[in-house]
Amino acid sequence: MPKLVIIGTVALDNIRTPFGEVSNALGGSAFYAGLSASYWTDVGVVGIVGKDYPEEGFSVLARHGIDSKGIERSEGLTFSWSGEYTYDLNTAQTLRTDLNCLLSFNPVLPESHDSLETLFLANIDPEIQAKVLDSLPVRPSLVVLDTMNFWIEHKKDALQKVLRRIDVLTINEGEARMLSGQFSLVSAARTILGMGPATLIIKRGEYGVLVFNRESVFASPAYPLEDVRDPTGAGDSFAGGFIGFLTSQGKFSDDTLRQSIVVGSAMASFCVSDFSTRAIEGLKRTDILKRLESFSSLTSYQALPLMSLRTEG
Ligand code: AMP
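Residue indices begin from 1 for each chain and proceed along its sequence in written order. Since the coordinates come from a predicted model, pLDDT governs what is reported: local features require at least 70, and pairs of side-chain atoms require 80 or more to be given and counted, while whole-chain, interface and lining totals use all residues. In computing side-chain properties, one takes all heavy atoms of the structure into account and sets aside hydrogens as well as water.

Chemist: For the environment of Tyr301, give the residues involved together with the corresponding values.
Modeler: In this text, helices come from DSSP runs of H or I with a minimum length of four residues, and strands from runs of E with a minimum of two, each type numbered from the N-terminal end. Take Tyr301: it is sitting in the segment after α10 (285-299). For the pair Tyr301 and Lys3, spaced 298 residues apart in sequence, the C-alpha separation works out to 36 Å.

And the structure:
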């Protein structure tokens, strides 16, 4: 029985980066987030695929213990995204978005998902995100939502409506500016928090993340990696690790929130080291623990000896 339900795209991606390219590769927001979260809690993925979707996608989910009963198989074609990165690996250029079977998607959560505790509305049409919330008899204790420029451009009203109903929004830097109409990220955060979510996570690629709520701001770096080959899915892997860990803790205090940000950042650092989902499939416990240890040494330092400060008053 999944404690965490993730609804989003299950996709076939065509990706080009300076380090290579892949076509019809396994991807999609719910697919990446599901794999990443599966290292921390019981996950169910809800989405839709077409007749062209390879069985390998379902096998990967099964190998990670993910419940895929909520993935509908349609007669159409699978949602497909084609994107490219030049030497700025922080920003994907979308070349094509083929919504295909997403256009007829009417999400239904299977009975096995009735006991969900947390919900991740991963990047997908905001009208679908709202429908999922409408369909739940009881609101989960934590609702996290992710979106992107495509939906801000095409469905801003629907997006603003659903933002009033969630707890945490994850969005990237450029999209935070686009949604708020503000250049300063601090001003953008204030505007977006005014739209509904209590917590806002701004993803900044290789510069890490900024987390805003009404009381505080928290920052986490991205793990400095020698080889980044394909940033696709970094945001979704971050979000999957983040909400997967929070779900496993069962409480959403400021401390667990900060820990979960570090977990998300560690999971994202695996994702970007290879194309598609290769690097977040089959991770070993020791790899994850080692990465988390490196993270804490990256950010910890002794309290400063402030007695040596020479200014009066
Ligand atoms: P990210 O974590 O932001 O790099 O997300 C990458 C994934 O998002 C890819 O695997 C795509 O299939 C998926 N994707 C791209 N465009 C959209 C869209 N408009 N809606 C939902 N998912 C998308």
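Chemist: Explain the sheet that holds strand β2 (residues 11-17) to me, using residue names and the numbers behind them.
Modeler: Pairing between two strands is assigned when DSSP locates at least 2 bridges connecting them. One open sheet holds the 4 strands; their spatial order is β3-β2-β6-β7, and the pairing between them is mixed. If you trace the sheet from one side to the other, it starts and ends with β3 (20-27) and β7 (93-98), each paired once. In this sheet, neighbouring strand axes are inclined to one another by 15° on average, regardless of whether the strands run parallel or antiparallel. Relative to β7, strand β6 (residues 80-84) runs antiparallel, the two sharing 5 bridges. Bridge pairing links Glu84 to Gln93 in β7. Lines fitted to C-alpha atoms define the axes here, with helix axes fitted over just the stretch in contact, and angles between the N-to-C directions of these axes take values from 0 to 180 degrees.

Chemist: Any chance you could break down the site of the ligand for me, citing the residues and the numbers?
Modeler: The immediate surroundings of the ligand are formed by 17 residues, with Thr9, Asp13, Gly28, Gly233 and Asp236 found nearest. Polar contacts here mean pairs of N or O atoms no more than 3.5 Å apart (in protein, one a potential hydrogen donor and the other a potential acceptor; neighbouring residues in sequence count only if both atoms are side-chain atoms). Between Gly28 and the ligand, the recorded distance is 2.7 Å, taken from a backbone N or O atom to an oxygen atom. Note on areas: Shrake-Rupley with a 1.4 Å probe; residue coverage comes only from the protein chains shown. Starting from 510 Å² of accessible surface for the ligand in isolation, the protein chains cover 90%. Elements supplying a minimum of two residues to the shell around the ligand: β2, α4 (149-154) and α8 (234-249). When we say a residue is near a molecule or strand, we mean one of its heavy atoms is within 4 Å of it.

Chemist: How would you explain the packing of helix α6 (residues 173-180) against helix α7 (residues 185-193) if you had to name every residue and give the values?
Modeler: When two helices pack together, their arrangement is given by the angle between the helix axes and by the axis-to-axis distance. As a packed pair, α6 and α7 sit with axes 9 Å apart at the nearest point and diverge in direction by 60°. When the axis of α6 is compared with that of α7, the two are oblique. Here α6 runs over α7; the crossing is left-handed. Here Glu173, Ala176, Arg177, Leu179 and Ser180 of α6 come into contact with α7, specifically with Leu185, Ala188, Thr191 and Ile192. Ten residue types, Ala, Val, Leu, Ile, Met, Phe, Trp, Tyr, Cys and Pro, are classed as nonpolar, four, Asp, Glu, Lys and Arg, as charged, and the remainder, Gly among them, as polar. A breakdown of the residues in the contact of α6 with α7 according to their chemical character gives 5 nonpolar, 2 polar and 2 charged. By the definition adopted for this analysis, an angle is roughly parallel if under 35 degrees, roughly antiparallel if over 145, roughly perpendicular if from 65 to 115, and oblique otherwise. Working rule for handedness: look at the near helix, and if it is turned counterclockwise from the far one by less than a right angle, call the crossing left-handed; if clockwise, right-handed. Here a residue-residue contact requires only that any non-hydrogen atoms of the pair lie within 4.5 Å.

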